[in-house]
Amino acid sequence: MTGPTEGGGKRDDDFAQRLASLEAERQGKPAGKRKGKADLGVGARVGVDLVSGVLVGAGLGYGIDIWFGTKPWGLIVCFMMGAAAGFLNVYRFLQGQDAAVGYRSKASQTPPKREE
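Note that this is a predicted model, so its numbers are computed, not measured. (Residues numbered from 1 in each chain as written. Predicted model: local features only at pLDDT ≥ 70, side-chain atom pairs only at ≥ 80, totals over all residues. Heavy atoms only, no water.)

Participant: Break down the pattern of salt bridges for me, citing the residues and quoting the values.
Facilitator: It is possible for side chains bearing opposite charge to pair when their charged atoms get close. Across all of its chains, the model carries one salt bridge by this definition. Linking D49 and R45 is a salt bridge whose minimum nitrogen-to-oxygen distance equals 3.2 Å. Linking D49 with R45, this pair stays in helix 2 (residues 36–68), spanning four residues, or about one helical turn. You can call D49 buried: its relative accessible area is 12%. Overall, the relative accessible area of 33% leaves R45 in the partly exposed class. (Salt bridge = Lys/Arg side-chain N within 4 Å of Asp/Glu carboxyl O. Helix = DSSP H or I, 4+ residues; strand = E, 2+ residues; numbered from the N terminus. Buried < 20%, exposed > 50% of the residue type's maximum accessible area, 1.4 Å probe, protein only.)

Participant: Got a sec to walk through the packing of helix 2 against helix 3 (residues 73–94)? Specific residues and values, please.
Facilitator: Packing of helix 2 against helix 3 brings their axes to within 7 Å, and their N-to-C directions diverge by 160°. Between helix 2 and helix 3, the crossing angle belongs to the class labelled roughly antiparallel. Handedness of the crossing formed by helix 2 with helix 3: right-handed. A class-by-class count of the residues in the contact of helix 2 with helix 3 yields 17 nonpolar, seven polar and three charged. (Axes fitted to C-alpha atoms, helices over the stretch in contact; angles between N-to-C directions. Parallel < 35°, antiparallel > 145°, perpendicular 65-115°, else oblique. Left-handed = near helix turned anticlockwise from the far one by under 90°. Nonpolar A, V, L, I, M, F, W, Y, C, P; charged D, E, K, R; others polar.)

Participant: Which residues make up helix 3, and what values go with them?
Facilitator: Relative to the 32 Å expected for 22 residues at 1.5 Å per residue, helix 3 spans 32 Å between its end C-alpha atoms, a close match to the ideal helical length. Three or more residues of helix 3 are buried, namely G74, C78, G82, A83, G86 and V90. Viewed along the axis of helix 3, the buried residues span an arc of 155°, placing them on a single side of the element. Among the exposed residues of helix 3, those pointing more than 90 degrees away from its buried face are W73, M80, M81 and F87. Where helix 3 is buried, its residues contact helix 2. Note on helix 3: the residue one or two positions beyond its end, G96, has a positive phi of about 80°. (Expected span 1.5 Å × (residues − 1). Arc of directions from axis to C-beta. Contact = heavy atoms within 4.5 Å.)

Participant: Account for helix 2, with residues named and values stated.
Facilitator: Helical periodicity: at 3.6 residues per turn, an α-helix aligns residues three or four positions apart in one direction. Spanning 33 residues, helix 2 covers 48 Å between terminal C-alpha atoms, matching the ideal 48 Å at 1.5 Å per step. In this structure, the buried side of helix 2 is in contact with helix 3. Looking one or two residues beyond helix 2, the residue adopting positive phi is G69, at roughly 70°.

Participant: Hey, could you go over unusual backbone geometry for me, with residue numbers and the actual values?
Facilitator: Put simply, K71 and P72 share a cis peptide bond, and its omega is -10°. Position of P72 among the secondary structure elements: in the loop between helix 2 and helix 3.

Participant: So what's going on with a nonpolar patch on the surface? Residues and values would help.
Facilitator: Side chains of W73, I76, V77, F79, M80 and M81 sit close together on the surface and give an oily, nonpolar patch of about 640 Å² of accessible area. Among the secondary structure elements, M81 is positioned in helix 3. (Patch = residues over 30% accessible without salt bridge, like charges linked within 9 Å, V, L, I, M, F, W, Y side chains within 5 Å. Areas by Shrake-Rupley, 256 points an atom, 1.4 Å probe, with all protein chains shown as cover.)

Participant: Which residues make up the side chain of D65, and what values do they have?
Facilitator: The residue D65 is located in helix 2 in this model. One buried charged residue, D65, forms no salt bridge at all, with the nearest opposite charge on K71 at 7.3 Å. (Lys, Arg positive; Asp, Glu negative; His and termini not counted.)

Participant: Let's hear about the environment of G74: which residues, and what values?
Facilitator: Residue position: G74 is located in helix 3. Once residues within four sequence positions are removed from consideration, G74 is found in contact with G61, I64 and D65.

Spelled out as structure tokens, the structure:
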């Protein structure tokens with residue numbers, strides 16, 4: 001017969017747990033642990049980038065409006081530019097381009113070839 005034997009369900013559960021543990025160790029992360037704090041950090045970074053871009057843009061636009069008397073055009077234009085800058089910062093962060101010089105990842109940085 002090819003059916004399960006008595007106690008086979010418990011053995012299968014133990015095997016599945018051990019297999020998951022070994023796969024997690026192989027990938028370099030502890031078994032059964034979530035990366036909740038890392039996800040929270042990413043969310044906070046994205047939120048701060050968006051909000052700060054909009055606030056800085058709106059503040060600059062308001063200052064331009066007071067300085068030059070162009071109400072409300074400076075605020076509108078700089079608000080849009082601040083929102084665009086915030087989205088660009090979020091895009092660069094999520095693509096992993098925020099830390100490297102010149103917005104390139106370290107893996108893609110190769111020295112230029114010289115032609116002789």
